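Structural overview
Each chain, written out:
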Amino acid sequence: MSEPGWYAQPFRADGGITANGLLSQLGRPSLSQLTLLVREAAQNSWDARLREQAVVRFRLDLSTVGAGHASAWRRMFSGGSSNVGHQNGMFRSLTQATAIRYLAVSDRGTTGLAGPTRSDAGRTARREWARFVLNSGDRDGVANMSSGGTYGYGKSALFQLSKAGCVLVYTRFKGDDGRLRTRFIGVAIRQSFWDGDSRYTGRHWWGLPEREHCEPLRDAQADSVARELGIPVFNVEETGTTLVVVDPDLTDPSLPDSDATPELSVHEAGTYLADAAAWNLWPITLVDRAARMDVTVSANGADIAVPNAETDATLAEFASAYHKIAEGTAQPLACGKPRKDLGHFAHQFTYGASVTSLAARELGIEGAPHHVCLLRGPELVVRYHSGPERSNPDAGYAAVFKVTDELDETFARAEPPTHDAWEHQQLQGREATFVRTTGRRLKDQCDRLSGAQARRAVKVGTYAMGSVAQRLGHLLAGPGGTGAAVLPASPLPGTSRPLVAPIPADTSGTQAPPTSSGLAPQGEGGPHGGRWEQGRGGRHRVRRPTLTAEPRFEVINGMPVVVQRVRLHGPDRVEGSVQVVTGDGGTESQSPTGAVKPEVYGWRVPVDGRIVVGEVLYHSGDATDVDLLIKAVADVLIDISVVGRS
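Report on the accompanying structure. (Residues numbered from 1 in each chain as written. Predicted model: local features only at pLDDT ≥ 70, side-chain atom pairs only at ≥ 80, totals over all residues. Heavy atoms only, no water.)

**Let's talk about the overall build of the protein chain**
Short version of the rule: Under the scheme used here, helices are H or I runs from DSSP no shorter than 4 residues and strands are E runs no shorter than 2 residues, and both carry numbers assigned from the N terminus. Note on contacts: a residue pair qualifies if any of its non-hydrogen atoms lie within 4.5 Å across the two residues.
On a plain count of helices and strands, the protein chain comes out with 14 helices and 28 strands. Restricting to contacts in the protein chain with at least 6 residues of sequence separation, those with at least 24 account for 71%.

**A look at the environment of Pro551**
Examined against the element boundaries, Pro551 turns out to sit in strand β21 (residues 546-556). Along the backbone, Pro551 and Leu628 are 77 residues apart, and their C-alpha atoms lie at a distance of 9.5 Å.

**Considerations on the pattern of salt bridges**
Convention followed: Salt bridges, as used here, are contacts in which a Lys or Arg side-chain nitrogen is within 4 Å of a carboxyl oxygen on Asp or Glu. Each residue's exposure class comes from its accessible area (1.4 Å probe, protein chains only) as a fraction of the maximum for that residue type: buried when under 20%, exposed when over 50%, partly exposed otherwise.
Under the criterion given, the structure shown has 30 salt bridges. The partner of Glu128 in a salt bridge is Arg126, with the nearest N and O atoms 3.0 Å apart. On the accessibility criterion, Glu128 (14% relative accessible area) is buried. The exposure class of Arg126 is partly exposed, given its relative accessible area of 24%. One salt bridge in this structure joins Glu431 and Arg413, with 2.3 Å as the shortest N-O distance. Note that Glu431 is positioned in helix α12 (residues 429-450) and Arg413 in helix α11 (residues 408-413), a separation of 18 residues in sequence. Put simply, Arg552, Glu554, Arg565, Arg604 and Asp627 are held in one network by salt bridges that share partners.

**Considering helix α7 (residues 219-229)**
All of the buried residues along α7 are Gln221, Ala222, Asp223, Val225, Ala226 and Leu229. The inward-facing, buried residues of α7 abut α3 (70-78), β4 (166-174), β5 (180-189), β7 (198-209) and β9 (217-218). A positive backbone phi angle near 85 degrees is found at Gly230, which sits one or two residues after α7.

**A look at empty space enclosed by the protein**
To be explicit about the condition: Definitions used for this entry: grid spacing 1 Å over protein atoms alone; cavity, a set of points where a 1.4 Å probe fits but cannot get out; pocket, an open set with protein on both sides within 12 Å along at least 5 of 7 lines; lining residue, one with an atom within 4 Å of a point. Grid points are joined across faces, edges and corners, and a volume is the space filled by probe spheres set on the points. Each residue is assigned to one class: nonpolar for Ala, Val, Leu, Ile, Met, Phe, Trp, Tyr, Cys and Pro, charged for Asp, Glu, Lys and Arg, and polar for all the others, Gly among them.
For the structure on display, the rule yields 4 cavities of 30 Å³ or more. Quantified by volume, the largest cavity comes out at close to 140 Å³. Contributing to the lining of the largest cavity are 14 residues, with Arg39, Gln43, Leu380, Val381 and His419 lying nearest its centre. Contributions of two or more residues to the lining of the largest cavity are made by α2 (33-47) and α8 (266-285). The element best represented in the lining of the largest cavity is α2, accounting for 3 residues. Along the lines of polarity and charge, the residues of the lining of the largest cavity split into 5 nonpolar, 5 polar and 4 charged.

**What about the environment of Thr251?**
So the rule is basically this: As used in this structure description, the phrase polar contact means that two N or O atoms lie within 3.5 Å; if the pair is within protein, one of them must be able to donate a hydrogen and the other to accept it, and residues adjacent in sequence are counted only when both atoms belong to side chains.
Turning to its location among the elements, Thr251 is positioned in the loop between β10 (240-246) and α8. Through-space distance from the C-alpha of Thr251 to that of Leu264 is 6.0 Å; in sequence the pair is 13 residues apart. Every residue in contact with Thr251, bar those within four places of it in the chain, is listed here: Thr261, Pro262 and Glu263. Within the local environment of Thr251, its side chain forms a polar contact with the side chain of Asp249, the two groups lying 2.6 Å apart.

**What to know about the packing of aromatic side chains**
For clarity, the cut-off: Pairing of aromatic rings covers Phe, Tyr and the six-membered ring of Trp, with a centre-to-centre limit of 6.5 Å; geometry is then stacked below 30 degrees between planes, edge-to-face above 60, and tilted otherwise. Here, over-ring charges are defined by two tests on the NZ atom of lysine or the CZ atom of arginine: distance to the ring centre within 6 Å, and angle to the ring normal within 35 degrees.
For the structure shown, the criterion picks out 15 aromatic pairs. Look at Phe77 and Phe91: their rings are 4.9 Å apart centre to centre, the planes differ by 70 degrees, and that puts the pair in the edge-to-face class. Taken together, the residues span a long stretch of sequence, with Phe77 in helix α3 and Phe91 in the loop between α3 and α4 (92-96) at a distance of 14 residues. The exposure class of Phe77 is buried, given its relative accessible area of 1%. Overall, Phe91 belongs to the buried group, its relative accessible area being 2%. Counting every residue linked through ring pairs, the aromatic cluster contains Trp6, Trp73, Phe77, Phe91 and Tyr102. The ring of Trp46 carries Arg49 above its face, with NZ or CZ at 4.1 Å from the centroid. Its end group placed over the ring of Trp129, Arg183 keeps NZ or CZ at 5.1 Å from the ring centre.

**Considering the pairing of strand β2 (residues 55-64)**
Stated formally: The pairing criterion is simple: DSSP has to find at least two bridges between the two strands.
As judged from the 8 bridges shared by β2 and strand β11 (residues 292-299), these two strands associate in the parallel manner. Across the sheet, the residue bridging to Asp61 is Ser298, located in β11. Where β2 meets strand β3 (residues 101-108), 8 bridges bridge the pair, whose relative direction is antiparallel. Paired with Asp61 across the two strands is Ala104, which belongs to β3.

**Remarks on unusual backbone geometry**
In this chain, Lys337 is followed by Pro338 through a cis amide linkage whose omega measures -5 degrees. Positive phi values are uncommon outside glycine, yet Asp219 reaches one of about 50 degrees. Exposure remark for Asp219: the relative accessible area of 28% places this residue in the partly exposed category.

**Some remarks on the sheet that holds strand β17 (residues 395-403)**
Spelled out, the test is: Axis definition: a line fit to C-alpha positions, over the contact stretch in the case of helices; interaxial angles, taken between N-to-C directions, run 0 to 180 degrees.
An order of β13-β14-β17-β15-β16 is seen for the 5 strands of this open sheet, with the pairing classed as mixed. The open sheet has two edge strands, β13 (331-335) and β16 (383-386), and neither has a second partner. Adjacent strand axes in the sheet meet at a mean angle of 30 degrees, parallel and antiparallel pairs treated alike. Each of β13, β14 (340-351), β15 (370-375), β16 and β17 touches α12; the most contacted strand, β14, lies at about 25 degrees to it.

**Structural notes on the nonpolar core**
Counted only if it meets this: As used in this record, nonpolar core signifies buried Ala, Val, Leu, Ile, Met, Phe, Trp, Tyr and Cys residues forming a set joined through side-chain atoms within 4.5 Å.
Grouped together as the largest cluster of nonpolar side chains are 75 residues, with contacts concentrated most on Trp279 and Trp282. Ranked by residue count, the leading element in this core is α8, at 12 residues. Apart from residues no more than four positions distant in its own chain, Trp282 is found in contact with Ala277, Leu315, Phe318, Ala319, Tyr322, Cys373, Val381, Tyr384 and Val400. Trp6, Val65, Ala70 and Phe234 belong to the second largest nonpolar core, which has 30 residues in total.

**Details of the sheet that holds β21**
An order of β21-β22-β27-β24-β25 is seen for the 5 strands of this open sheet, with the pairing classed as antiparallel. The open sheet has two edge strands with one neighbour each: β21 and β25 (610-613). Between one strand axis and the next, the sheet turns through 25 degrees on average, direction left out of account.

**Topic: the packing of α2 against α8**
Our working definition: Here the angle decides the label: under 35 degrees means roughly parallel, over 145 means roughly antiparallel, 65 to 115 means roughly perpendicular, and every other value means oblique. When the near helix sits turned anticlockwise from the far one by under a right angle, the crossing is termed left-handed; a clockwise turn instead gives a right-handed crossing.
Remark: α2 packs on α8, axes separated minimally by 9 Å, with the N-to-C direction vectors making an angle of 40 degrees. By the angle class used here, α2 and α8 are oblique. Relative to α8, the crossing made by α2 is right-handed. Of α8, the residues touching α2 (which contributes Leu34, Thr35, Val38, Arg39, Ala42 and Trp46) are Tyr272, Leu273, Ala276, Ala277, Asn280, Leu281 and Ile284. The class makeup of the residues in the contact of α2 with α8 is 10 nonpolar, 2 polar and 1 charged.

Now the structure itself:
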């Protein structure tokens, strides 16, 4: 039996791809290396699942080589390539390190990497080994099924994460004869180099070197090397693959790139991996699926809990939306010209669910969700499409959109190598139209869920009145409802339809000086313009009342009130109202028995300090500012509405 060693790939007469060329195939992804590895590795494992297996077991084990195995690791990395003149060692930093760290990515219940060990072998039914270990961008032999990978470049994420550019491959599969076969090989992607007059691509393999390629270690020899390195061997009937990323880069993904960006500890990195797995893989981990993935993460031997729909409130809401699609009760979205069903959309409103995970923040989710999880056939998360926030900062929505099976390949072609977007620019003709229209339909749905459509209809100046909620946090949900719209009103009883009337005299009380200064919220402020509207039947035009400044607290006659400044643009009859916002972000139609209900106290005219009690104020003069006064109730969220009644 020949001794294992390294083999360097030379350039041949017909050329070849350099190591740098391989590593650049993922482009410049916006995701961190840790998240990218989780997505790409899980995608490969999910695509390789055995149809007779209900569960694919996917593990991420971040660890440090123990003292009993360190010598075997150093032997592996101490020598140069057998077919290169100099033997000065490619991995000197590893052999001199006091400790060697690694990330083992393993799956069980999968096919393993079968097929010929030479890329130039004849046509065979299975070619997983050639696609992963030898070739790049090779899709030959991939089954005609919904697949996450369309480029076969995902393995680049493994090598990009390794500071040494090295991944160990340990796999077991069933051969054509039904017998279990095991293979082990090391793969390194380094810099291309010259050795004398010969140039090498920078690609290396550790195994059994031959004249023109490197063979893997097989069966008992493969298992023996795995044991020496401390890599768990396969159980009796197990099939699958373990990929060991040597010396992973654990740079903190939450900090900006710089030469001095610190690394995460092993435990912190393990927690990040667990969160990344949860937010990128949750649809295929749901426990009620017929086929699902079970994800386990450990750091230095200690298991780290992976959030899921049973333990995380926001993931639970996304899962509820997903189940509506699975059950066939979701809303279809379609393209009108040409007519085509695009997919199905479902949502859940959330209240109090807040996302704090750093891995989720990297995907654009933080605080209350206002996102649509995009899926296609494999049901791995493509990305989270962000929509407008709801007016109440504690309220949100978690939605799911899944492409129809008929368009799955179209949307797959619209994905970049990292599979984290749908880009219609990559397509032409009708296919581009379908992807582009999907974006528009999703925007419409998000506008509907957030209330952006309704707020646009009553938009005042440069911001929608619902945005007051962002500035008042837990106190106010913001002026939503009908907002500062001009609505028709019935004539007052016994009169013709009056347009304006003088302010009635008020004897109910006088203004007291404020004893509290109110809140100091953040957000846009200042006066805002309104819009003119033509009344029906040729009647006069009425400019909408405008909410200005920030709502604030005051005490009037010993009563705490919320004060909202309102700009009247001329003669008008205005009406104020207030409703309690419920747990799902809607408004309360009926208060609980015995509950104190917030209500409009009246109006204050700042020019003379008069207070008019009641919801309605008549104004007959020029443009002026008035204050809407609302009786404050502790520990409730309220929705303020001001309308002009023509």
